[in-house]
Each structure stands twice: as C-alpha cells, then as structure tokens.
Amino acid sequence: GNSVTQMEGPVTLSEEAFLTINCTYTATGYPSLFWYVQYPGEGLQLLLKATKADDKGSNKGFEATYRKETTSFHLEKGSVQVSDSAVYFCALKRSGGYQKVTFGIGTKLQVIP
Amino acid sequence: DSGVTQTPKHLITATGQRVTLRCSPRSGDLSVYWYQQSLDQGLQFLIQYYNGEERAKGNILERFSAQQFPDLHSELNLSSLELGDSALYFCASSAATGPNTEAFFGQGTRLTVV
C-alpha cells in the first residue's frame, strides 16, 4: 500500500536558518505529492504540491521537488522566520477523486528569534 | 478559508455518551475524509466517503460510524465515549476528477471527554 515517511521532530532552528524536512514515499502508480502546514490551533492548509516527476512545488519561500528516482519530496526553505513555526505534513494521493490522501506523521518546526 | 465547514468547533462531553460531528464539504466535492488527531498518535485516517458510499476505511473503532448524505454533507458519530477519544477531529474534502485533487481541510472539532 501507499505510505509516507518523514523525519520526526521537533526541529528547532534559529531565525534565518536553512530548513530541510525529509520526506520519502512508497506508492503504486504515479501519485501527486503535497506538503501541508498546520499552524497552532488551526486545521491543515495546503502549502505546495507537485503532480509529476521533476515538478517543483513552491509557495511562501518553501520548495519541494518530486524526485521519482529517490521517491522523495523534501521540503526546503532558505531562511525561516518565527512565523514558520508549525507542524508540516508530507502527503501523497493518487489521481482520482475517490483516492484517499496518505499522510506522514508530521514534523514540528520551532523557529526561535 | 478552505470552504470546508465543521460543526461544532468545540465539544465537551462525559464518558459513555454519544456525539455527532458534522462536516459540509466544499461546493461540488464528492469525497469526504475524516481524520483524528491526538497528541500521541499524529494524524490518523478514519474513513472516506465518495458520493455517498464508503470508499476507504482506516483505523476507525467499531464505536465510531460515519455517513455521507445525498447533499454530500457528512456526519461522524462517536458512541460509548472514552477519555482516550479526546482529540481533534478533522474533515476534509476533495474534487471528483482531475490530477490536482488535493484535500481541503476544515478547522476541526475539538472533542474533550471528561
């Protein structure tokens, strides 16, 4: 079956540091890949996505590249801010409205001033 | 605003009771998913409905049940509640077709069992 493995947190960084959160996946076919973010007290929001190999998703300074050869979708940001403190979830979904979304366990990021 | 509405936002109830959580998906979305998020378990997939029919089942307890109605809203029923059922319950919805059928999440219902 489908699965997503992401690094366990928490990750603590100083403001303006470089961020990488690793995510690898196992899936049949060619899923779409997503990063969701959950700010304290809120629901999950889609941060970025990529729907095919070598696609790069980007939003709010975050980037992730769909690497089929390494089955990875690592999240990166060049310079984190305190406001980026949140829980980040990697996820995959095969195309088709009836397919379910499979999530990783979530990685908590804390950015300190 | 994701377009997914969950009610109520907060719910406090006693052990042994039964509650119903409600979800209205985004307009036109046929798929509805329910997730449970607790501190020690992360985000657990419970169940998915597609156009009124159960499509996928995850780690859903027998005390829990769900359904999706003809107008596509969904309800999650939790019965014989235990302290360990205290958690955030999220509903999400996604579109029917196309490659970009990502899930959109509601704000969640925080259930506290006392």
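Just above, that's the structure.
Attention in this report is confined to the structure presented alongside it.

### A few points about the pattern of salt bridges
Two side chains of opposite charge can pair, provided their charged atoms sit close to one another.
Residues and elements named next belong to chain B.
Next, step 1: Inspection of every chain in the model, using the stated rule, returns 8 salt bridges over all chains.
Next, step 2: Across the salt bridge formed by E82 and R63, the nearest N and O atoms sit 3.7 Å from each other. One end of the pair, E82, is in the loop between β8 (74–78) and β9 (87–94); the other, R63, is in the loop between β6 (53–57) and β7 (64–68), and 19 residues separate them in sequence.
Next, step 3: Among the residues examined, R63 registers a relative accessible area of 19% and is labelled buried.
Next, step 4: Each member of the salt-bridge network shares a partner with another, and the members are R63, E82 and D85.

### Notes on the packing of aromatic side chains
Next, step 1: In this structure the tally under the stated criterion is 13 aromatic pairs over all chains.
Next, step 2: Here the aromatic rings of F103 of chain A and F105 of chain B are separated by 5.6 Å at their centres, their planes lie at 75 degrees, and the arrangement is edge-to-face. Separated into two different chains, F103 of chain A in strand β11 (residues 102–103) and F105 of chain B in strand β10 (residues 104–105) make up a pair that spans both.
Next, step 3: The exposure class assigned to F103 of chain A is buried, which follows from its relative accessible area of 12%.
Next, step 4: For F105 of chain B, a relative accessible area of 1% corresponds to the buried category.
Next, step 5: The ring of F104 of chain B is capped by R26 of chain B, whose NZ or CZ atom sits 3.8 Å from the centre of that ring.

### Brief notes about the sheet that holds β8 of chain B
Residues and elements named next belong to chain B.
Next, step 1: The antiparallel open sheet is built from 4 strands, whose spatial order is β1-β3-β8-β7. Both outer strands of the open sheet, β1 (5–7) and β7, are each paired with one neighbouring strand and no more. Across the sheet, the axes of successive neighbouring strands diverge by a mean angle of 15 degrees, strand direction being ignored.
Next, step 2: For strand β3 (residues 19–24) and β8, the ladder comprises 5 bridges, and the chain directions are antiparallel. Looking at β8, one finds that R22 is bridged to E75.

Definitions and cut-offs
Residues numbered from 1 in each chain as written. Chains lettered and ligands numbered in written order. Predicted model: local features only at pLDDT ≥ 70, side-chain atom pairs only at ≥ 80, totals over all residues. Heavy atoms only, no water. Salt bridge = Lys/Arg side-chain N within 4 Å of Asp/Glu carboxyl O. Helix = DSSP H or I, 4+ residues; strand = E, 2+ residues; numbered from the N terminus. Buried < 20%, exposed > 50% of the residue type's maximum accessible area, 1.4 Å probe, protein only. Phe/Tyr/Trp six-rings, centres within 6.5 Å; stacked < 30°, edge-to-face > 60°. Lys NZ or Arg CZ within 6 Å of the ring centre and 35° of its normal. Pairing = 2+ DSSP bridges. Axes fitted to C-alpha atoms, helices over the stretch in contact; angles between N-to-C directions.

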